[in-house]
Amino acid sequence: MQTHLSEQKEEIAWVRDLFPDARDYLDTYEAAGLLGPGAVYGHAIHLTEREWGLLRDSGSAIAHCPTSNTFIGSGLFDMARAQAEGIPP
C-alpha cells in the first residue's frame, strides 16, 4: 500500500478537518489498518513526534522525492532523522 503523508501543511490541515477525532494525519491510516511492513508513505516531511515513532515501530517505510518537494515548496525530508529512527527508505 502506498499513499501520501504530511507533504504540505495545508494538506495536514485538510486531513485534520476531514478527521477531527484523529490524533494526527498518520492516525487516519492507523485506524484503517494501513500501517506495517508493506506500507509506504510518500513525502512525510512534516511529521509529529508520535508519527515518527509509529512509523518506526510499525515497520512502515517512507519514500521521498527531493525534486518534487523542492519544486512545490513543501520542504525537505529529514533523511538523517529517518535513518536514526531506523525507518526504511
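Here, every reference points to the structure presented above.
Just so it is clear, the model here is predicted, and its values are computed rather than measured.

Analysis parameters
- Residues numbered from 1 in each chain as written.
- Predicted model: local features only at pLDDT ≥ 70, side-chain atom pairs only at ≥ 80, totals over all residues.
- Heavy atoms only, no water.
- Helix = DSSP H or I, 4+ residues; strand = E, 2+ residues; numbered from the N terminus.
- Rg over C-alpha atoms; globule rule 2.2 N^0.38 Å.
- Buried < 20%, exposed > 50% of the residue type's maximum accessible area, 1.4 Å probe, protein only.
- Contact = heavy atoms within 4.5 Å.
- Areas by Shrake-Rupley, 256 points an atom, 1.4 Å probe, with all protein chains shown as cover.
- Lys, Arg positive; Asp, Glu negative; His and termini not counted.
- Charge placed at Lys NZ, Arg CZ, Asp CG, Glu CD.
- Pairing = 2+ DSSP bridges.
- Right-handed = clockwise from strand over helix to strand, strands pointing away.
- Arc of directions from axis to C-beta.

Glancing now at the overall build of the protein chain. For the protein chain, the count of helices and strands is five helices and three strands. Taken from the N to the C terminus, the helices and strands of the protein chain come in the order β-α-α-β-α-β-α-α. A compact globule built from 89 residues should have a C-alpha radius of gyration of about 12 Å, and the protein chain, at 12 Å, falls within 12% of that. Overall size of the protein chain, expressed as C-alpha extent along the three principal axes, is 30 × 25 × 20 Å. The proportion of buried residues among the 89 residues of the protein chain is 40%. Summarising the internal contacts of the protein chain: among those between residues at least 6 apart in sequence, 61% fall at separations of at least 24. A total of about 5100 Å² of accessible surface is found on the protein chain, and carbon and sulfur atoms cover 58% of it. Where the 6 positive side-chain charges of the protein chain centre and where its 13 negative ones centre are 4 Å apart.

Another point: the pairing of strand β2 (residues 40-43). Bridge count for strand β1 (residues 2-5) against β2 is four bridges, and the pairing is parallel. Across the sheet, His-4 pairs through a bridge with Gly-42, a residue of β2. Examined bridge by bridge, β2 and strand β3 (residues 61-63) share three bridges and lie parallel to one another. Bridge pairing in β3 links Gly-42 to Ala-63. With respect to chirality, the unit in which β2 leads through helix α3 (residues 49-58) into the neighbouring parallel β3 is right-handed.

All right, on to helix α1 (residues 9-18) then. Buried within α1 we find Glu-11, Ile-12 and Val-15. For α1, the buried positions fall inside an angular range of 100 degrees around the axis, keeping them on one side. Opposite the buried face of α1, by more than 90 degrees, sit the exposed residues Lys-9, Glu-10, Trp-14, Arg-16 and Asp-17.

This paragraph deals with unusual backbone geometry. A positive phi angle, near 85 degrees, is found at His-43, a position not held by glycine. The backbone of Ala-44 shows a phi angle near 50 degrees, a positive value even though the residue is not glycine. Within the fold, Ala-44 resides in the loop between β2 and α3. On the accessibility criterion, Ala-44 (0% relative accessible area) is buried.

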